[in-house]
Amino acid sequence: MATEATPRGGYLDILRAPHAARLLAGTLVGRLPNGVGPIALTLFVRDQGGSYTLAGGLIAAYGVATAVGQPLLGRAVDLKGQPRVQLPAAVLSALGMVLLALTGIGNLPLAYVAVVVAGLFTPPLEGGLRALWPSVLGREDRVHRAYALDAVAQELMFTVGPLLLTLLVSLWSPAAALLVVNALGVLGALVVVLSEPSRTWRSGTREAHWLGALRSPGLLALLGSFFFVGLALGSITVSAVAYADDRGTPSVYGWLMAALGLGALLGGVAYGARQWAGTPERRLRVLVLLLAVCYLPLALTPGPVAMAGLSVLSGVFLAPVLACAFIVVDRHAPRGTVTEAFSWLVTTFGVGSALGSAAAGPVVELAGTASGFAVAGAGGLAALLVLLATGRVLGAATVPPVTADTPGDEGRHAVTAGAPASVHTEKNTH
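Residues numbered from 1 in each chain as written. Predicted model: local features only at pLDDT ≥ 70, side-chain atom pairs only at ≥ 80, totals over all residues. Heavy atoms only, no water.

Peer 1: I would appreciate a short explanation of the pattern of salt bridges in the present structure.
Peer 2: Side-chain pairs of opposite charge can arise where the charged atoms are in close proximity. Here the structure, examined in full by the defined rule, presents eight salt bridges. Across the pair R46 and D245 runs a salt bridge, and its minimum N-O distance is 3.4 Å. Taken as a pair, R46 in helix α4 (residues 37-47) and D245 in helix α12 (residues 217-246) lie far apart in primary sequence, 199 residues in all. For D245, a relative accessible area of 31% gives the class partly exposed. The shortest N-O distance in the salt bridge between R331 and E281 comes to 2.8 Å. In this pair, R331 sits in helix α16 (residues 318-332) while E281 sits in helix α14 (residues 280-295), placing the two residues 50 residues apart along the sequence. (Salt bridge = Lys/Arg side-chain N within 4 Å of Asp/Glu carboxyl O. Helix = DSSP H or I, 4+ residues; strand = E, 2+ residues; numbered from the N terminus. Buried < 20%, exposed > 50% of the residue type's maximum accessible area, 1.4 Å probe, protein only.)

Shown next as structure tokens:
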């Protein structure tokens, strides 16, 4: 993957743009409940005497509900605008977790209802932010850099989030941590929807089709791969808790998750500091290969210090994979479906993560912690195989025609007006 120096500024150039820092910070805080949800649920269940299998089941229910809700809410955002969808959804999601925190796991049907409500109404802030970047930043190179910054900031959240959750648990309890984290989530959503870009954003004109964004073969191929990336990460979440329990030090879990996030943060910073030549579809295959290779050593389960080092390594290529995938989504999403398309990426990732967590619980209990981490390596390799098998479909990126007055998400295409379709996102090396 050859590189070129990134032109016209770096991340500070993005953050200095009007509204950019506010939107990024609000989105990250708003996504905190979902970002630490699997960790919070695991700690909550274990604190109440529940098994890993129960924790995995609740995480799976939460993830599947999120997977169902994200594209539906994303389509609602494309049709109705952001404030009318994002804030009510954030409130309802928080109320679901409040119900769980107050009632516990004594009534299992009620516990499952609570996590399903929390997952189903998780606001699509992630897709919403990426839909806003073109109207906030304008130029294509700045939008692409914002995608990388977005991925880096996510990893900052995944680094700080587990530590914040661990701190809240140590100061109070897992139940109190659930309440605080979800209150912060509502606050973050409020910060976003009260901003001018969010209030004025409108999606572009979309073709009436019941499949929406899913009518794009390239998007379907990407989603298939990211299902397995999510599966790998979901299995790591449960396996890391088991690893900490094996060593009698529960706090090790938070440090392992923070180390993974730190690795992704470092990788994302390095990736976003360069402009990468070649098509993003080709680059994504290389990045997923490297991601899979770095997952495999986790199954060695050495001592805590060495395991933390392996966790950093396993995260290095995660943010670059995400940033590259955002560009691929942009190249394949049909007109007027940008929030929905990004939400489908979140959905598929969430389904994979939920099933990875659900699978890792029984695997850990039957075959040990190392086998749980082996699930992550297998998931990474499966993600690569999907990309290799669908290379021809992914290579056929489509760029909708652009008009000067095209509103909303189509502004992401308008930043390349006058450029050939083959260089819509980056320099094509075919």
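Resuming the write-up.
Peer 1: Quick question: what am I supposed to make of the layout of surface pockets here?
Peer 2: The rolling of a water-molecule-sized probe over the atoms marks out the regions of remaining empty space. Approximately 240 Å³ is the volume attributed to the second largest pocket. In terms of lining residues, the second largest pocket is bounded by 14 residues, among which L43, V169, P250, S251 and Y253 are the most central. Elements with a contribution of two residues or more to the lining of the second largest pocket: α4, α9 (140-171), α12 and α13 (251-272). Broken down by element, the lining of the second largest pocket gets its largest block of residues, four residues, from α4. When its residues are assigned to classes, the lining of the second largest pocket shows seven nonpolar, four polar and three charged. (1 Å grid on protein atoms, 1.4 Å probe; cavity = no way out; pocket = protein on both sides within 12 Å on 5 of 7 lines; lining within 4 Å. Points joined across faces, edges and corners; volume = space filled by probe spheres on them. Nonpolar A, V, L, I, M, F, W, Y, C, P; charged D, E, K, R; others polar.)

Peer 1: I keep staring at a nonpolar patch on the surface and nothing clicks. Help me out?
Peer 2: Together, V64, V68, L72, V116 and L120 make up a nonpolar patch on the protein surface, roughly 370 Å² of accessible area in all. Among the elements that make up the nonpolar patch, the one with the highest residue count is helix α5 (residues 52-80) (three residues). With respect to the element layout, L120 can be found in helix α7 (residues 108-120). A residue is classified by how much of its surface remains accessible, and L120, at 30% relative accessible area, is partly exposed. (Patch = residues over 30% accessible without salt bridge, like charges linked within 9 Å, V, L, I, M, F, W, Y side chains within 5 Å. Areas by Shrake-Rupley, 256 points an atom, 1.4 Å probe, with all protein chains shown as cover.)

Peer 1: Whenever I open this one, the nonpolar core confuses me. Can you help?
Peer 2: A general trend in soluble globular proteins is that nonpolar side chains are found buried together. Ranked by internal contacts, the top residues of the largest apolar core, which has 112 residues, are L100, W133, L222, I236 and L318. The greatest single-element share of this core, amounting to 14 residues, is contributed by α12. (Core = buried A, V, L, I, M, F, W, Y, C linked by side-chain atoms within 4.5 Å.)

Peer 1: Explain the packing of α4 against α5 to me, please; I cannot follow it from the model alone.
Peer 2: To describe two helices that pack against each other, one gives the angle between their axes and the distance between the axes. Where α4 meets α5, the closest approach of the two axes is 9 Å, and the angle between their N-to-C directions is 145°. Classified by chirality, the crossing of α5 by α4 is right-handed. When α4 is examined against α5, the residues G37, P38, L41, T42, V45 and R46 are found in contact with a partner set consisting of Y52, L54, A55, L58, I59 and Y62. Among the residues forming the contact of α4 with α5, the class breakdown is nine nonpolar, two polar and one charged. (Axes fitted to C-alpha atoms, helices over the stretch in contact; angles between N-to-C directions. Left-handed = near helix turned anticlockwise from the far one by under 90°. Contact = heavy atoms within 4.5 Å.)

Peer 1: Whenever I open this one, α4 confuses me. Can you help?
Peer 2: Three- or four-residue spacings in an α-helix give side chains the same orientation, since the helix completes a turn every 3.6 residues. Across the eleven residues of α4, eight count as buried, placing the element largely inside the fold. When α4 is considered as a whole, its buried residues turn out to be G37, P38, I39, A40, L41, T42, F44 and V45. Directly beyond the C-terminal end of α4, a positive phi value near 85° is found at G49.

Peer 1: I would appreciate a short explanation of the environment of G230 in the present structure.
Peer 2: Structurally, G230 can be placed in helix α12. On the basis of relative accessible area, G230 is assigned to the buried category, the value being 0%. Taking the C-alpha atoms as reference points, G230 and G352, separated by 122 residues in sequence, lie 4.4 Å from one another. Leave out the neighbours within four places in its chain, and G230 touches F349, G352 and S353.

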